[in-house]
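What follows is each chain in one-letter form.
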Amino acid sequence: MRFLTRNRPGPVLLGVAAAAAVTAVAVPASASAQASLLAGHVYVNDNTAGTNTIGAFDRHADGTLTPATGSPFAAGGAGTGAGLASQGALQISPDGRFLIAADAGSNQVSVLRITDDGSLRLVPGGVVSSGGVLPVSVAIHGTLVYVANSGNGGSNYTGFRLGHDGRLEPIAGSAVALPDGAQPGDVLFNGTGSKLAGTRVGTSQIDSFTVGGDGRLAAAPGSPFPAQGLGPFSSQFRPTKPNQLFVSNAHNAGAGSGTVSAFRDSPNGTLSPIGSSPFPDLQTAPCWVEITHDGQFLFTVNTASGTISRYSIAAGGALTLLGSTTVGGTGGVGAVDARLSPDGATLYVDESKTGAVGAFAVNGGTLTELATSPVSLPAGATPAGIVVN
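Residues numbered from 1 in each chain as written. Predicted model: local features only at pLDDT ≥ 70, side-chain atom pairs only at ≥ 80, totals over all residues. Heavy atoms only, no water.

Caption draft 1: Molecular detail of the pattern of salt bridges. Counted under the stated rule, the structure contains 4 salt bridges. The partner of K195 in a salt bridge is D265, with the nearest N and O atoms 3.4 Å apart. Highlighted residues: K195 in strand β15 (residues 195-200) and D265 in strand β21 (residues 259-265), separated in sequence by 70 residues. Taken individually, K195 and D265 each receive the classification buried, so the pair is uniform in this respect. Among the ionic pairs, D214 bridges to R216, the shortest N-O distance being 2.8 Å. Taking relative accessible area as the criterion, R216 reaches 33% and is therefore assigned partly exposed. (Salt bridge = Lys/Arg side-chain N within 4 Å of Asp/Glu carboxyl O. Helix = DSSP H or I, 4+ residues; strand = E, 2+ residues; numbered from the N terminus. Buried < 20%, exposed > 50% of the residue type's maximum accessible area, 1.4 Å probe, protein only.)

Next up, the structure:
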């Protein structure tokens with residue numbers, strides 16, 4: 001090598017140039033390979049008429065989605081073939097082993113095992129009665145599960161225990177009856193599992209409960225509380241402050257009249273408004289709510305406007321509207337459930353109008369739709385509920 005370097009510089013220089021060229025080609029190829037690495041999965045409750053199915057997508061490191069092999073997977077019960085007007089019709093167990101799906105068309109709840117490759121397998125004995133009529137929302141904390149049933153003649157919140165084998169066992173005496181027309185749209189636990197809240201879309205009220213050690217609910221003094229707008233729809237407790245609850249008000253009359261409320265949840269479950277709540281949304285029908293894992297930003301999907309509003313959240317819970325991002329794939333109208341990836345880098349949006357899933361890169365309080373978005377769901381899907389692992 002010393003001889004060649006000293007007496008034949010030309011070939012050596014050419015060799016270096018060739019190596020550099022190879023390196024230049026290899027870097028983007030490597031970056032592309034990294035971006036295409038499997039990072040997890042996205043699942044959607046298709047709510048298909050007749051046999052309900054779960055649509056599954058491989059989620060890549062760059063946030064893009066591709067349909068998973070074998071998708072869609074039979075859920076075990078039946079869907080309605082129509083929108084559910086709810087949040088949380090699909091949930092993942094905290095240990096990541098199971099999916100819990102509302103089968104609204106058969107008044108059942110299904111549990112499916114998430115296998116190592118992301119495919120789904122119905123748990124033996126995993127389809128059970130929801131304990132009411134028209135299950136639309138599921139909440140889970142640890143092994144405790146509550147289902148909101150919204151149909152007249154059987155509207156309630158009903159509790160279950162999720163076994164290690166994935167089977168749901170009803171909790172005796174757990175059901176909390178709701179009046180016909182209440183139309184619960186969302187049921188959810190706070191981060192500690194000590195509280196449970198539920199929205200009554202039909203009567204514009206919010207239920208608040210404390211959760212006992214036996215899994216049963218105790219209504220807070222004054223519950224249900226009047227909402228701060230018509231049609232309180234979806235809600236979320238702040239991940240970093242479980243005593244702050246945020247609720248979208250979807251049915252206020254007039255274009256651009258939507259609002260988002262912020263409440264302080266006291267130790268006994270009493271809800272009180274934070275600051276100047278409700279906070280203007282300047283869009284129409286803010287329905288689905290998602291808060292970043294660090295608790296700094298809130299996104300709400302405006303189903304009638306075809307946009308996603310973006311707020312910053314102050315330490316005390318007050319909201320500041322940052323702006324709205326258009327859901328471009330469908331003109332946006334009809335977008336519903338939204339869920340963040342575990343790393344918080346991508347927001348996935350269930351676009352029910354066209355049966356697709358949109359993907360948005362998240363940078364603080366800014367959203368940018370990916371060039372590959374949206375990705376189509378299986379034929380016949382009327383999606384309700386989305387989860388990400």
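So that's the structure; there's more coming.
Caption draft 2: Fine view of the environment of G126. Checked against the element boundaries, G126 lands in strand β8 (residues 120-129). Using a relative accessible area of 2% as the deciding quantity, one classes G126 as buried. Note: C-alpha distance between G126 and L168 (42 residues apart in sequence) is 6.9 Å.

Caption draft 3: Examining the sheet that holds strand β26 (residues 307-313) more closely. Strand order in the open sheet formed by 4 strands is β24-β25-β26-β27, with antiparallel pairing between adjacent strands. What marks the edges here is a single partner per strand, and that holds for β24 (286-291) and β27 (319-326). Pairwise comparison of adjacent strand axes, ignoring direction, gives a mean angle of 25 degrees for this sheet. Here 6 bridges tie strand β25 (residues 297-302) to β26, and the two strands are oriented antiparallel to one another. Across the sheet, N302 pairs through a bridge with T307, a residue of β26. (Pairing = 2+ DSSP bridges. Axes fitted to C-alpha atoms, helices over the stretch in contact; angles between N-to-C directions.)

Caption draft 4: Representation of the sheet that holds strand β7 (residues 108-114) within the structure. Spatial strand order, β5-β6-β7-β8: 4 strands in an open sheet with antiparallel pairing. What marks the edges here is a single partner per strand, and that holds for β5 (90-92) and β8. Adjacent strand axes in the sheet meet at a mean angle of 20 degrees when their direction is disregarded. Sheet topology note: the β5/strand β6 (residues 98-103) ladder contains 3 bridges and is antiparallel. Residue pairing for β6: I92 is matched across the bridge by L99.

Keep in mind these numbers describe shape, not what the thing actually does.
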